[in-house]
Amino acid sequence: MLGRSAKVPAKIISGRLGKRIAILIVVFSSCFTLLSTSLQLGLDYRADISRIEQQFNNIRTSYLQAITLSVWSLDDSQIETQLVGLSQLPDIEYVAILVEDEIAWEQGEAVSSTIRNMDFPLNYSAPGISAQDIGKLRITASIDNVYNRLLQKAGVILVSNGIKTFLVSGFILLLIWLLITRHLQTISDYLRDLDFSRHNNPLKLNKRQKDQSQYDEIDNVVQTINHMGSSLEQTYRSLHENKLHLQQLVEERDTLLEKELHHKEQLEQRVMERTQQLQNSMDDLRSAQDLLIETEKMAALGNMVAGVAHEINTPIGVCRTAASFQGENAKLIRQKMAEGTLTQSDLRGFLDEVEESSHLFESNIIKASNLISSFKLIATDQSYDAKQKFNLHNYLQSSIQTIYPQYKHQKVRFNLQIPEDIQLNSYPGALHHIISNLINNSILHGFEQKQGGNIVIHAECEGDHLILDYRDDGRGLTAEEQKKLFEPFFTTKRGQGGSGLGMSIVFNIISRQLGGRAELPQEETPGFHLRMHIPIEAKELTSTETGN
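As the structure is a prediction and not an experimental result, all values here were calculated from the model.

## Describing the nonpolar core
Part 1 of the reasoning: Residues L392, I439, I457 and M532 are the most contacted members of the largest nonpolar core, which totals 41 residues.
Part 2 of the reasoning: If you list the elements that add at least two residues to this core, you get α8 (392–407), α9 (428–446), β8 (453–462), β9 (465–472), α11 (502–513) and β11 (528–535).
Part 3 of the reasoning: In terms of residue count, the dominant contributor to this core is α9 (7 residues).
Part 4 of the reasoning: Beyond its immediate stretch of four places on either side in the chain, I457 contacts L396, I400, N415, L416, Q417, I418, I435, L468, D469 and Y470.

Now the structure itself:
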């Protein structure tokens, strides 16, 4: 019995839940006690200070006149008696009368570390005598007594509340152990030893049995655990029976798998043969597509050569005419010089014509040089499209300048909205091919019902991708045309020279060679709009992938 009774307090103290609740109660009660004690001490301190102030007021009203008369009459015995009476008042330590700022009479001693002084002037007045200042009464009150009383009171309050708090906490800890903790430990031990492979007895707590109507929360938990245990035991038995049944089904499945394995091997062989046939067909289609792309490239290059050649002939013809005219004028001046009939006005006119011809030479040669430079850049990229770094604004400007002669009679206006600092490391020839195909589509299909139109090319960087928008204000696309736009051989000009490969080639170049994607934004504005997402840094491609 002694051993069991010794274990009970140990179990009560060792319970974490009860210990945590008891600690929280002690902490809360201690905080509340400190707060209430501080408030009470503050109120008591203010009351004591008010009492000292009231005492000073009582001295002013009750003692000051009598002391003034005693000092005026120089009645030492009366003064001593009055000072002794003042010094015996509560919290008064020292009383003195000063005459001409020197102590004449005093009683007591100011020994406290914290004091409060109050000086009362001694003014004597009588009939026929004007008011005279004969000295002052100095009263010194001790604040240490106030502090000592407050400390004693705080000690009593804290000790009594501390004892009460620990007693209440201990009682609550005992109640928690009796009503909750020991039953939770019993439930935990029961659940830990639960084994569904054998029959388990119902959980019972070490407490007085009650009717179900008197069950508390712990009793409800026990009832739920017993119900759950019974259900789980039945479920376990059902699972065990299902396991045996599944084992039988697995054996039957293994037999079927062996039969299927042979059939699968035959099917795989057929699939491999069919896959090889499809691969050969895809290779043939890819080769045909690359050939079509190359053919389109060369056709575009041929059209560009014809247009550029025609444009170059114009400035060269102007230069040739100016040179011929200038040569004839030079022969005429030389003849007049030989005959001695050359005048100053003839020479001045000849020089003016030479200067005008020089301006014609310079402007037309610069125009031809720019056309040749742009053609050389674009033609080189078209014939051998290698990955390189280039400025997007300058390159597209040169590209449009090169193909513009083919469409200058169509009254097409170009608007390049491209920042001048965008640098790409990609395939410029592929980009030129895309732009030239889009411009050709706009002129052939978009502007077929009106004379000319506007083409806007907008670019901006978004992370490591370039967003390139191509727009025109032509007739646009129908919903059906948008669905089939990138399909090979789809064209609205069937039988009128349209091959239906332009937009298919554009889509393949964007997705395969440039590693990007193209989309048709859904907008209500008229015209055609294609948005291209192109990597700023293109990946390296093999000759098969580029189509070269």
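We are not done yet, so read on.
## Here's the deal with the pairing of β11
Part 1 of the reasoning: Among the 8 residues of β11, 7 are classified as buried, and the element is accordingly described as predominantly covered.
Part 2 of the reasoning: Taken together, the 8 bridges between β9 and β11 define a ladder with antiparallel strand orientation. In the sheet register, Y470 faces β11, and the bridge partner there is L530.
Part 3 of the reasoning: Note: strand β10 (residues 517–519) against β11, 3 bridges, orientation antiparallel. When the bridges of β11 are listed, R517 appears paired with H533.

## Comments concerning the sheet that holds strand β1 (residues 92–99)
Part 1 of the reasoning: Spatial ordering of the open sheet is given by β2-β1-β4-β3, a layout of 4 strands whose pairing is antiparallel. Whereas interior strands pair on both sides, the edge strands pair on one side only; in this sheet they are β2 (102–108) and β3 (115–126). Between one strand axis and the next, the sheet turns by 20° as a mean value, whatever way the strands run.
Part 2 of the reasoning: Inspection of the sheet shows β1 paired to strand β4 (residues 129–142) by 6 bridges, in the antiparallel sense. If you follow L98 over to β4, its bridge partner there is K136.
Part 3 of the reasoning: Sheet strands in contact with helix α3 (residues 64–73) are β1, β2, β3 and β4, and its direction is about 65° off that of β3.

Definitions and cut-offs
Residues numbered from 1 in each chain as written. Predicted model: local features only at pLDDT ≥ 70, side-chain atom pairs only at ≥ 80, totals over all residues. Heavy atoms only, no water. Core = buried A, V, L, I, M, F, W, Y, C linked by side-chain atoms within 4.5 Å. Buried < 20%, exposed > 50% of the residue type's maximum accessible area, 1.4 Å probe, protein only. Helix = DSSP H or I, 4+ residues; strand = E, 2+ residues; numbered from the N terminus. Contact = heavy atoms within 4.5 Å. Pairing = 2+ DSSP bridges. Axes fitted to C-alpha atoms, helices over the stretch in contact; angles between N-to-C directions.

So, to be careful, I would describe these as geometric facts and stop short of saying anything about function.
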